[in-house]
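Structure at a glance
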Amino acid sequence: MDPKSMEKAMLKNMIDKTGKSIEEWISIVNEQNFVENKDIVNFLKTEHSVGHFYAHLIVKKQNK
């Protein structure tokens, strides 16, 4: 599967896999006022048990 298709599939499955939509995750991240992407990834993984690849996808979409 190419990267664009993988991202599209992950976004489609985000609620099932993480319990929240991408918009909800972006809102949660924006409330924290993080400076570095690695801090966002660590926060999502440790505080919300988001998987590694989903955490990075949330960061990518949050930075747009």
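Higher on the page you've got the structure.
Predicted model only: the values in this text are computed from it and were never measured.

What follows is about the environment of Gln-62. On the secondary structure map, Gln-62 appears in helix α4 (residues 52-62). Distance in space between the C-alpha atoms of Gln-62 and Trp-25 is 8.4 Å, their sequence separation being 37 residues. For Gln-62, the contacting residues outside a window of four places in its chain are Ile-26, Val-29, Asn-30 and Ile-40.

Let's shift gears to the side chain of Glu-7. Within the element layout of this structure, Glu-7 appears in helix α1 (residues 3-18). Classification of Glu-7 by relative accessible area gives buried; the value is 16%.

Per the counting criterion, the structure on display carries 3 salt bridges. In this structure, Glu-7 engages Lys-60 in a salt bridge whose closest nitrogen and oxygen atoms are separated by 2.4 Å. Residue Glu-7 is found in helix α1, and its partner Lys-60 is found in helix α4; the two are separated by 53 residues along the sequence. Overlapping salt bridges, with partners in common, bring together Glu-7, Lys-60 and Lys-61 in one network.

Using the criterion set out here, one finds 1 aromatic pair in the structure. Ring geometry for Phe-34 against Phe-43: centres 5.2 Å apart, planes inclined by 50°, an arrangement best described as tilted. Its guanidinium or amino end placed over the ring of Trp-25, Lys-20 lies 5.2 Å from that ring's centre, counting from NZ or CZ.

Cut-offs and rules
Residues numbered from 1 in each chain as written. Predicted model: local features only at pLDDT ≥ 70, side-chain atom pairs only at ≥ 80, totals over all residues. Heavy atoms only, no water. Helix = DSSP H or I, 4+ residues; strand = E, 2+ residues; numbered from the N terminus. Contact = heavy atoms within 4.5 Å. Buried < 20%, exposed > 50% of the residue type's maximum accessible area, 1.4 Å probe, protein only. Salt bridge = Lys/Arg side-chain N within 4 Å of Asp/Glu carboxyl O. Phe/Tyr/Trp six-rings, centres within 6.5 Å; stacked < 30°, edge-to-face > 60°. Lys NZ or Arg CZ within 6 Å of the ring centre and 35° of its normal.

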